[in-house]
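# Summary of the model geometry
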Amino acid sequence: MQGDKSSVLAQKPQILTKKRLRWLILLSSFPLFGMMAAFGIAPDTSVEELPIEQVVLSLELPETPLTSDADMTFWRQERIQRGDTIATLLSRLNVNTQDAVSFLRDTRDIKAVHQLVAGKTMHAQTTAAGELLLLRYFPGGSEQLVMEKAAGAFKLSEQPAKLETHIQMKSGVINSSLFAAVDSAGVPDSIATQIVDILASEIDFHRDLRKGDRFTVVYDSLYGNGEPARAGRVLAVEFVNQGTPYRALYFQADNEESGYYTPDGKSLRKAFLRSPLEFSRISSGFSSGRFHPILKTWRAHKGIDYAAPTGTGVKAAADGIVAVAGWQDGYGNVIFLEHQGSYSTVYGHLSAFAKGLKKGQHVRQGDIIGHVGSTGMATGPHLHYEFRFKGVQRDPLKVAMPTANPVSSRQMAAFYEYTKSSMARLDALRGTSLAFLD
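Residues numbered from 1 in each chain as written. Predicted model: local features only at pLDDT ≥ 70, side-chain atom pairs only at ≥ 80, totals over all residues. Heavy atoms only, no water.

What follows covers the overall build of the protein. Broken down by element type, the protein carries eight helices and 23 strands. Long-range pairs, those at least 24 residues apart, make up 63% of the contacts in the protein between residues at least 6 apart in sequence. If you sum the accessible surface of the protein, you get close to 25,700 Å²; carbon and sulfur atoms cover 53% of it. (Helix = DSSP H or I, 4+ residues; strand = E, 2+ residues; numbered from the N terminus. Contact = heavy atoms within 4.5 Å. Areas by Shrake-Rupley, 256 points an atom, 1.4 Å probe, with all protein chains shown as cover.)

Here's what the structure looks like:
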């Protein structure tokens, strides 16, 4: 008996080894079959708990070089708030007093550093001790200002900012004025100006706007370092004026010619602008009889007066040649432009001429040629504008203006492909009042 017992005991480790082997085989099969609701167990298989072995291994960690705090550098950034100065920003950027004083001294004559724009971000590289190594500021445009410490002094360099183009889509409704509507929609002034220029041949923005008119605009927006840099070009616009929708689409042909067209390819560019001012109001229209406020007599008013603040830019109504740029009696400072087809235009009561403007100079439609004033026989700042054909004044608001050529038939397929995405965006925003960014 004793011998049999010893034999059994001698066989026990071998049995445990086989049990463990069966369990290992069973467990290793789980990943092959995924999750199981049930599985079979062979008859007479023991389900007693298996012994758990704890294994502790000694791992050697790689040596990590110790870095002193003095060698560490940090990038910090602060958003410019209204009322901030460069001194308050340096304090929030944890720049130490010594470097802050040095920076203010070295940049005292650099206007761009001190003319901070609220909402922009200032970036600074400093040490743990607050030593300022580099300061980067992107005020907008295409350049970023970099102030870097070298030999104990801060040196300025202008570096090109990497600009990215995004497409913005915005929509708004006119409740009081065009100014208020575009401001409420967050549309930049330059985009609002483009809208007026693009649709000036279709809509008289001085007289025809009504409460409830609405607009949708798609335009490029340039970003530098993740911040808005400047607005780009209008790609498409829809303006619903008194219930009538007007659409304009930008198109650049293979020959590099570009312009704005209706969805069916008709050019929106006219030979003459309806108005030589971007935004203003008509204070006196074209009339055969008007009481002159200075002469105190009734006489014909063969032009249109646009009331606007002194200094407002005056644009050339069409391509032309400067025939007169000087002083003439009641006109005060006046410009006469001669255009093709026996047309001419007159711009009176100017406060100043565009820099370098002279007789015989060629100007293009939309160029700023002068500025609104009250010189000559004028009771207040305004532009007196005349539109003449063969020397005879005509009412520019009633004369049919010739248009530029439409998209050619061979370019129509390219036109539809080029403007397809812009049309889709206008359709997506029709009837809404919202703004978002691609």
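Below, the discussion takes up the sheet that holds strand β1 (residues 73-79). Read from one edge to the other, the open sheet built from five strands follows the order β1-β2-β3-β4-β5, with strand pairing classed as antiparallel. Because the sheet does not close on itself, it has two edges, and the strands there are β1 and β5 (153-160). Taking the axes of each pair of neighbouring strands and ignoring which way they run, one obtains an average angle of 20° across the sheet. Docked against the sheet, helix α4 (residues 97-106) engages β3 (132-137), β4 (143-150) and β5, running at close to 60° with respect to β5. (Pairing = 2+ DSSP bridges. Axes fitted to C-alpha atoms, helices over the stretch in contact; angles between N-to-C directions.)

Looking at the largest pocket, its volume works out to about 850 Å³. Looking at the largest pocket, it is lined by 32 residues, and the ones nearest its centre are S258, G259, Y260, S267 and R269. Of all the elements in the fold, those that place two or more residues in the lining of the largest pocket are α7 (189-199), β9 (244-252) and β10 (258-261). Take the lining of the largest pocket: its biggest share by element is four residues, from β10. (1 Å grid on protein atoms, 1.4 Å probe; cavity = no way out; pocket = protein on both sides within 12 Å on 5 of 7 lines; lining within 4 Å. Points joined across faces, edges and corners; volume = space filled by probe spheres on them.)

Using a probe with the size of a water molecule, rolled over the atoms, empty space left in the structure can be pinpointed. Counting across every chain of the model gives two cavities of 30 Å³ or more. As for the largest cavity, its lining consists of 13 residues, and the residues nearest its centre are V196, A200, H206, S275 and L277. A breakdown of the residues in the lining of the largest cavity according to their chemical character gives six nonpolar, two polar and five charged. (Nonpolar A, V, L, I, M, F, W, Y, C, P; charged D, E, K, R; others polar.)

Another point: the packing of aromatic side chains. Per the counting criterion, the structure on display carries 16 aromatic pairs. Taken together, the ring pairs in this structure connect Y250, F251, Y260, Y261, F415, Y416 and Y418 into an aromatic cluster. The residue whose ring lies beneath R136 is W75, and the NZ or CZ to ring-centre distance is 5.3 Å. (Phe/Tyr/Trp six-rings, centres within 6.5 Å; stacked < 30°, edge-to-face > 60°. Lys NZ or Arg CZ within 6 Å of the ring centre and 35° of its normal.)

Attention shifts here to the pattern of salt bridges. Tallied over the full model, the rule gives 11 salt bridges. A salt bridge links K149 to D99; the shortest N-O distance between them is 3.1 Å. With a gap of 50 residues between them, K149 in strand β4 and D99 in helix α4 connect regions that are remote in the sequence. The partly exposed category is assigned to K149, whose relative accessible area is 24%. Here D197 makes a salt bridge to K315, at a shortest N to O gap of 2.7 Å. In this pair, D197 is assigned in helix α7 and K315 in strand β15 (residues 313-315), connecting sequence segments 118 residues apart. D197 gets classed as partly exposed once you look at its relative accessible area, which sits at 36%. Each member of the salt-bridge network shares a partner with another, and the members are E78, D84 and R92. (Salt bridge = Lys/Arg side-chain N within 4 Å of Asp/Glu carboxyl O. Buried < 20%, exposed > 50% of the residue type's maximum accessible area, 1.4 Å probe, protein only.)

Looking at the element boundaries, S221 is found in strand β7 (residues 214-224). Aside from chain neighbours lying at most four places away, what touches S221 is E164, T165, H166, Q168, R230 and G232.

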